[in-house]
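A structural walkthrough
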Amino acid sequence: MGGLMARNLVRVGHEVTVWNRTEEKARALELDGAHVALSPGAAVEGAEIVLTMLADARAVDSTMLQGGGLAAMADGALWIQTSTVGVEATERLAELAEQRGITFVDAPVLGTKKPAEDGQLVMLASGPEEARTRCDPVFNAIARDQVWLGEAGAGTRLKLVVNSWILCTIENIAETFVLCKTFGLDPRRFLEAIGGGAMDMQYAHLKGEAIMNEDFPASFPLYLARKDVALILEAARDLELPLVRATSRQFDRALELGHGDEDMSAVYYASVEKAAARP
């Protein structure tokens, strides 16, 4: 995701320096015109805007705190934090940025690999009102839309709400297709039955195709989806959320079965296993 976003920033004429924990991934962007840094500190040195897109809170900490990225940022620079790291981590990063005199914008994204490639993400942004115009040149290069939500942290909260809906929907689609097969029905008949009506959903067709073919190239890998389920439950620890908790268990089982690097729709295998175990 980060590499695709960087490529789109270069494409519209921004001067971009990139760093990745795996150097060859950063090197791949040199042909597009990006400069490659060998450390987080070198990547952010002199930058007006720093954008982070990393797997989780630990990776952001490793890069911006232990790796020296935050310490090396120029006074008054803007940090756009687009990784999905959860509510507690976002609040902690915002406080550390404020202590350094850095403007912090919490801006997780909606979209996976293809929208990122096409510059069609949706930014769920939150932070100081005066940061909006500073963010515009970046957001215009990587996104089709932006939603501003107030103080930093609101963007992450909405991202967790949306992810809860998406991940439970993925599990629902997987179970629906397993149910079709258990009943001896072609799952395509289900898609035809809902097609074009109020019950139809583009996502059912998109993920259903992968499930029917049992081919799961990672648009968003299952192990990261499981991370996001954990962040939802952590942030909403006082709520029961039985559907989210059941989805979490299904993702755990799919990981145990070895499908972590496949697309999140490979959670299907957890339901397949249970269906096969029926007497």
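Residues numbered from 1 in each chain as written. Predicted model: local features only at pLDDT ≥ 70, side-chain atom pairs only at ≥ 80, totals over all residues. Heavy atoms only, no water.

1. Here we look at the overall build of the protein
Secondary structure assignment for the protein yields 14 helices and eight strands. Taking 19 Å as the expected radius of gyration for a compact globule of 279 residues, we find that the protein reaches 20 Å, a close match to that expectation. C-alpha extents for the protein along the principal axes are approximately 65 × 45 × 35 Å. Counting the 279 residues in the protein, one finds 46% classified as buried. If you take every contact in the protein between residues at least 6 apart in sequence, the share linking residues at least 24 apart comes to 65%. In the form shown here, the protein has an accessible surface area of approximately 14,000 Å², with 52% of it arising from carbon and sulfur atoms. In the protein, 27 side chains carry a positive charge and 40 a negative one; their mean positions are 4 Å apart. (Helix = DSSP H or I, 4+ residues; strand = E, 2+ residues; numbered from the N terminus. Rg over C-alpha atoms; globule rule 2.2 N^0.38 Å. Buried < 20%, exposed > 50% of the residue type's maximum accessible area, 1.4 Å probe, protein only. Contact = heavy atoms within 4.5 Å. Areas by Shrake-Rupley, 256 points an atom, 1.4 Å probe, with all protein chains shown as cover. Lys, Arg positive; Asp, Glu negative; His and termini not counted. Charge placed at Lys NZ, Arg CZ, Asp CG, Glu CD.)

2. Structural notes on the sheet that holds strand β6 (residues 109-110)
Read across the open sheet, the three strands follow the order β6-β7-β8; overall the sheet is mixed. Every interior strand has two partners, whereas the edge strands, β6 and β8 (143-148), have only one. Pairing between strand β7 (residues 121-125) and β8: five bridges, direction parallel. In the sheet register, Val 122 faces β8, and the bridge partner there is Asp 145. (Pairing = 2+ DSSP bridges.)

3. A closer look at helix α1 (residues 2-11)
Residues of α1 that are buried: Leu 4, Met 5, Ala 6, Asn 8, Leu 9 and Val 10. Buried residues along α1 sit in contact with β1 (17-18), β3 (49-52), α7 (113-117), β7 and α8 (132-142).

4. Concerning the sheet that holds strand β4 (residues 78-81)
An order of β3-β4-β5 is seen for the three strands of this open sheet, with the pairing classed as parallel. Since the sheet does not close on itself, it has two edges, and those belong to β3 and β5 (103-106), each with one partner. This sheet shows a mean twist of 15 degrees between the axes of neighbouring strands, independent of strand direction. Helix α6 (residues 87-99) contacts β4 and β5 of the sheet and is inclined by roughly 165 degrees relative to β5. (Axes fitted to C-alpha atoms, helices over the stretch in contact; angles between N-to-C directions.)

5. Regarding the pattern of salt bridges
Applying the stated criterion across every chain yields a total of 16 salt bridges. Among the salt bridges present, the one from Arg 189 reaches Asp 186, with a minimum N-O distance of 3.6 Å. On the basis of relative accessibility, which here comes to 44%, the residue Arg 189 falls in the partly exposed class. Overall, Asp 186 belongs to the partly exposed group, its relative accessible area being 35%. By sharing partners, the salt bridges in this structure join Glu 23, Arg 27 and Glu 30 into a single network. (Salt bridge = Lys/Arg side-chain N within 4 Å of Asp/Glu carboxyl O.)

6. Structural notes on the nonpolar core
Counting 32 residues, the largest nonpolar core has Leu 167, Ile 211, Phe 216, Phe 251, Met 264, Val 267 and Tyr 268 as the members making the most contacts within it. Here this core gets nine residues from one element, more than from any other, and that element is helix α9 (residues 154-182). If we ignore the near neighbours within four places in the chain, the residues touching Val 267 are Ile 170, Glu 171, Ala 174, Leu 222, Gln 250, Phe 251 and Ala 254. (Core = buried A, V, L, I, M, F, W, Y, C linked by side-chain atoms within 4.5 Å.)

7. Some words on the side chain of Ser 271
Topologically, Ser 271 is positioned in helix α14 (residues 268-276). Residue classification places Ser 271 among the buried positions, given a relative accessible area of 8%.

8. Topic: the packing of aromatic side chains
Overall, the coordinates contain six aromatic pairs when judged by the stated rule. With 5.1 Å between their ring centres and 90 degrees between their planes, Trp 79 and Phe 104 make a pair best called edge-to-face. Here Trp 79, found in strand β4, pairs with Phe 104, found in strand β5; they are 25 residues apart in sequence, far enough to count as distant. Since its relative accessible area comes to 0%, Trp 79 is described here as buried. Taken together, the aromatic side chains of Phe 216, Tyr 268 and Tyr 269 make up a single cluster linked through ring pairs. (Phe/Tyr/Trp six-rings, centres within 6.5 Å; stacked < 30°, edge-to-face > 60°.)

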